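Residue-level listing of the chains:
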Amino acid sequence: MAAEIAAAGAAASAGVGMGLFSYNRGNYEFDQKMHYTRFQAGLNMAIAQTGIYKQDIAQLTALTVTRMDCFHGIAAMGLTILTAIYCPGKLGFHVCPPPGWLMGLEFVNIAGAYLFMGLTLWYCMHASMRADTAGTHMLTRFVRLPIPSQGMLDKARKFLSSYEEQQLSEVLRVPFTRHQAPGRNRAGDFNEAMDIDDDAKGRSRHGYDVPAWYRKEKAVDNVSTIDSIESMMPLAARGSAPEHFEAYREIQMEWMPYDVYARVCIFLAFMHLTHCWAYHQIGHLIQEVRAPFACSIVMLPMFVLQQVILTLDIAPGGMPIQRLGPCSLWFAYFAAICESVRWYNPQVQAVGFVLVYCAYAIHIVYTVQLLRLCAPSEEAPAIAESPGASWWPGEWRLPSAFQHAICLLAPPKELAPGVTDIAGELRAEQSGGPQVAGNQSTESTASEKRADVHRALGKQGESPAWFGVKVGLISLVIAWIWLTFGFTIEIMNQGTSHPSLLNAPGMPNNARDPRYRPAKPGKSEPTEVGTGGVAAGPAKGVHLGAMHRRLSDAEFVAAPTTPMRRDIANKLRELIPHLQEMARLGAPESAILSLPPAPAAAEVQWPAMFQPQLLTCGAHAQAAVALSRHGRGALLATPTMNLESFVLHGVAGHGTIVAASWDTEGLLLVTTTGDVFECAGAVPTAGKWACKLSTGPKLPIATAGKPFTGLVAVSRAPGEVQAAVIFPGDDSVTIFARSSSTWLPRGEVRTPASTAAAAHFSTSGSSLLVSAADGSVTELQMSNGQTSELASANTGHAGHAWAGACRLASGDLARLAVPVESSSQAKFILG
């Protein structure tokens, strides 16, 4: 009986043991399936949420890039309009130019528009590229999908045989009983918090009463199970929002100022553009077209447009001083009308001056106000975050006056209610704590977080966007003050003998050309270029006592006084009866003036095979030098007509000779290729005159490599060489000068002869002798452009063409006539 009872007890115990074993083993198997399923679900949700985070980065970056592209196109369009105003739309091309004060108003605004449109282009380019680079950097290195590795999958799975590794108390644990008690080295609360009654909680497994395998897996999960989604953010930069938002917000501060001030520069550029266009229309419609009513209907829309732009872009607050800016259009409009009234009136002119000062003062005050409005706010109020609105952190220093026109969006600082950051929770578990994004806090300051992010993702300096705008506005303030000062100087000079600091508007510079060459011909005439001269121009008798200092030594023919006019009239009245008598009876033989006979050719025996083509005279000897085109010459002494033939040594291979000059230093030659030769010595030696090529540049007469076929005269003066060139088919003489290393055009004058045949400078270079095809010789003074006839037309040498003329040392005129046909000889003519 005892044995049976023992056997029954053993069988019952074995049955109970097998039941407990099977029960606990089933629970273990179910828990492991749920564990792996939970692991997969968590990773899938983290992967999906990370994909959303990548979209966040891409959309935030695209917002900046798209906005910068829009601003870039607007600025390029504005530059096109501005260039059309500045270049082909310039005022004063065909009619009287507008006054200087109006041009100042227009061109300072043109300069301001160019300045801020250029800044817009550069700011847009920088912000777009920096945002695109940062977004790509984060997408490729920071926000990555948490794809599990093979090691993670191996850690997450469990073999069913691992159940055998449990303690015997866990293998045969009786349900609804507690087997674990607090003790040393025991773990904490491993089970989830349960909102149930105490009786049910007493029957459940929680706290210390959890299986050992659960405690082990929990420890493994918290440390190294999810190793592919560990945080890349430095601990000091972590905040309460998802870490990609925290990182992007900090990096966004590197291009955010360029983004903001690109929008501010668009505003500034178009305000200056509308100003300059309105001033341009004032100059055109009032100063040129004389249409004041048409101009007024242009000013009104421009005034309204500027006021509307100010309303749209600048938030109300404080005294709206910027509203004064568009009012300068009306002051300039009425000042231009006062400037263009039909009859001069000092009172109207004074009113116009006051209106111009008002326009300048408005621009100064207006620009200073813009400088204040565009400055970053020191303590800007925090922007309330609302759906569909712009938002940025309150610590960002932005111009609060433009806060509703900026359209800037920064990542949020915290999660919205009801939103969970799965990826953040998994990262928090990896760090060993139960922190969850959305309810954590950080002790780091904003500067520490910024520095931490820069250390992690690349250190960048602060943006100078505001500095560029500030310097631009300050430069415009200086420009307006400078214009006001200049206008004051112009008013002070009104009515004086020097009403303008420069010569008359629209006239060329009558002192020196843009390349700073010496004074032009006509410098002794006390009047401005293009006005007709002192004797016939509108400046006759005006300001002769206040002429320029360089004309102070010139002698002028004063206008005849009233007694002089009366004396001339009396003499003419006495002469009229005699003239009438001569007309009625005819002039006596003694009164008929006989013309002087034509000068005869001197008897000259030219060397054999010598055909002279050029003639030059020297002031140091009573002689002349005749040259052929190819380097032969003859020294002709007057009046004995003794000849000494010679050869020019060193000029071969540089073209034929087209000009020659003889002075105390020797011969000066020019060839058809523009080369200049210097032949030292007063006379040739042993039948040779040695010449060498000048070290200076060539005279610019050969075009496209072709030899020159026109006329050239050359002369040497202290420190320079001058040349007179008559180009083929041209009826004017161009004067060139070589002072150092280049030939510069000095001036141009019409030839005194209808058909020029030769040209030669006087020995001093102060005048130019131009020989005509009919034999006449005219002298052109280089100092004042006056002409005088030295020899009349000569038709007594048929079959010959006039090749040159020069003055001998005695002052007599020597001329050379060359045969048209080779059968005749050249003629040397005195007189």
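Residues numbered from 1 in each chain as written. Predicted model: local features only at pLDDT ≥ 70, side-chain atom pairs only at ≥ 80, totals over all residues. Heavy atoms only, no water.

Would you mind showing me how to read the overall build of the protein here?
Scanning the protein for helices and strands turns up 16 helices and 20 strands. Long-range contacts, defined here as pairs at least 24 residues apart, represent 62% of the contacts in the protein between residues at least 6 apart. (Helix = DSSP H or I, 4+ residues; strand = E, 2+ residues; numbered from the N terminus. Contact = heavy atoms within 4.5 Å.)

What is the right way to look at the sheet that holds strand S19 (residues 813-819) in this model?
Hydrogen bonding along the main chain pairs the strands of a sheet, whether they run parallel or antiparallel. The strand order across the open sheet built from three strands is S18-S19-S20, with neighbouring strands paired in antiparallel fashion. Looking at which strands have only one partner, the edges of the open sheet turn out to be strand S18 (800-807) and strand S20 (827-830). Across the sheet, the axes of successive neighbouring strands diverge by a mean angle of 25°, strand direction being ignored. Summarising the sheet, S18 and S19 pair through seven bridges and their orientation is antiparallel. Looking across to S19, one finds that Trp-802 is bridged to Ala-817. (Pairing = 2+ DSSP bridges. Axes fitted to C-alpha atoms, helices over the stretch in contact; angles between N-to-C directions.)

What is the right way to read the side chain of Arg-130 from this model?
Mapped onto the secondary structure, Arg-130 falls in helix H2 (residues 100-141). Owing to a relative accessible area of 17%, Arg-130 belongs among the buried residues under this scheme. (Buried < 20%, exposed > 50% of the residue type's maximum accessible area, 1.4 Å probe, protein only.)

Sorry, what's going on with helix H9 (residues 292-313) here?
Residues spaced three or four apart along an α-helix face the same direction, because each turn holds 3.6 residues. Over its 22 residues, H9 runs 32 Å from end to end, which matches the ideal 32 Å to within 8%, given 1.5 Å per residue. Three or more residues of H9 are buried, namely Cys-295, Ser-296, Val-298, Met-299, Met-302, Phe-303, Gln-306, Gln-307, Ile-309, Leu-310 and Asp-313. The buried residues of H9 occupy an angular sector of 165° when the element is viewed end-on, so they sit on one face. Every exposed residue of H9 that faces more than 90 degrees away from the buried side is listed here: Phe-293, Ile-297 and Leu-312. (Expected span 1.5 Å × (residues − 1). Arc of directions from axis to C-beta.)

It is not clear to me how the pairing of strand S10 (residues 711-717) should be interpreted in this structure. Could you clarify?
Along any regular strand the residues' side chains alternate between the sheet's two faces. In terms of residue burial, S10 counts as a mostly covered element, since five of its seven residues are buried. When S10 meets strand S11 (residues 720-726), the two strands line up antiparallel, connected through seven bridges. Counted as the bridge partner of Ala-717 is Glu-720 from S11. Once S10 ends, the chain turns through two residues before running back antiparallel as S11, passing Gly-719 with a positive phi of about 85°.

Is there a simple way to explain the pattern of salt bridges in this structure?
Opposite charge on two side chains makes pairing possible when the charged atoms of those side chains draw close. Taken as a whole, this structure holds seven salt bridges when the rule is applied. Across the pair Asp-313 and Arg-263 runs a salt bridge, and its minimum N-O distance is 2.7 Å. Of this pair, Asp-313 sits in helix H9 while Arg-263 sits in helix H8 (residues 256-288), and the two are 50 residues apart along the sequence. Asp-313 gets classed as buried once you look at its relative accessible area, which sits at 9%. Between Glu-665 and Arg-716 there is a salt bridge, with the nearest N and O atoms lying 3.6 Å from each other. Of this pair, Glu-665 sits in the loop between strand S5 (657-663) and strand S6 (666-671) while Arg-716 sits in strand S10, and the two are 51 residues apart along the sequence. It is possible to trace a salt-bridge network through shared partners that takes in Asp-663, Glu-665 and Arg-716. (Salt bridge = Lys/Arg side-chain N within 4 Å of Asp/Glu carboxyl O.)

It is not clear to me how the pairing of strand S2 (residues 623-627) should be interpreted in this structure. Could you clarify?
Within S2, five of the five residues are buried, which leaves it mostly tucked inside the rest of the structure. Here S2 shows no split at all, with Ala-623, Val-625 and Leu-627 on one side and Ala-624 and Ala-626 on the other all buried. Adjacent in sequence and paired antiparallel, strand S1 (residues 614-617) and S2 are bridged by five residues. What sits between the antiparallel neighbours S2 and strand S3 (residues 632-637) is a turn of four residues, in which Gly-631 has the positive phi angle 110°.

Would you mind showing me how to read the side chain of Asp-56 here?
For Asp-56, the position within the fold is in helix H1 (residues 2-86). Each residue touching Asp-56, except ones within four places of it in the same chain, is listed here: His-244 and Phe-245.

Mind showing me how you'd approach the sheet that holds S10 here?
What the four strands build is an open sheet, ordered S10-S11-S12-S13; its pairing is antiparallel. Taken across any chain shown, the strands that pair with only one partner, and hence form the sheet edges, are S10 and strand S13 (743-750). Each strand axis lies, on average, 20° off the axis of its neighbour in the sheet, ignoring direction. Bridging between S11 and strand S12 (residues 732-738) involves five bridges; their strand directions are antiparallel. Bridge assignment links Val-721 to a residue of S12, and that residue is Arg-738.

Looking at this model, I keep getting lost on the nonpolar core. Mind explaining?
Most often, soluble globular proteins have nonpolar side chains that are buried together. Counting residues in hydrophobic clusters, the biggest one holds 89 residues, and the most contacted among them are Trp-101, Ile-282 and Val-469. Ranked by the residues each element gives to this core, the list is headed by H8, at 20 residues. In contact with Trp-101, not counting residues within four places along its chain, are Ala-332, Ala-335, Ala-336, Glu-339, Val-356, Tyr-360 and Phe-487. Ala-634, Ala-814, Leu-816 and Ala-826 belong to the second largest nonpolar core, which has 18 residues in total. (Core = buried A, V, L, I, M, F, W, Y, C linked by side-chain atoms within 4.5 Å.)

How should the confidence of the model for the protein be read in this particular structure?
Close inspection of predicted coordinates is inappropriate in any region flagged by low pLDDT. On average, residues of the protein score 76 in pLDDT, and 74% of them are at 70 or above. When the elements of the protein are averaged for pLDDT, helix H15 (residues 533-536) gives the smallest value, 46, and helix H11 (residues 346-374) the largest, 93. Low pLDDT, under 50, characterises residues 590-595; the predicted model gives this stretch zero contacts beyond four residues in sequence or across chains. (pLDDT = per-residue confidence, 0-100.)

Explanation requested: the state of the cysteines in the structure shown.
As used here, a disulfide is simply a covalent bond connecting the sulfur atoms of two cysteines. Within this structure, the stated rule accounts for two disulfides. At a sulfur-sulfur separation of 1.8 Å, the disulfide partner of Cys-679 is Cys-691. Taking the sign of the S-S torsion, 100° for the link of Cys-679 and Cys-691, the bridge is right-handed. Taken as a pair, Cys-679 in strand S7 (residues 676-680) and Cys-691 in the loop between strand S8 (688-690) and strand S9 (692-693) lie far apart in primary sequence, twelve residues in all. Classification of Cys-679 by relative accessible area gives buried; the value is 1%. In the protein, numbering the disulfide-bonded cysteines from first to last in sequence yields the connectivity 1-4, 2-3. (Disulfide = S-S within 2.5 Å.)

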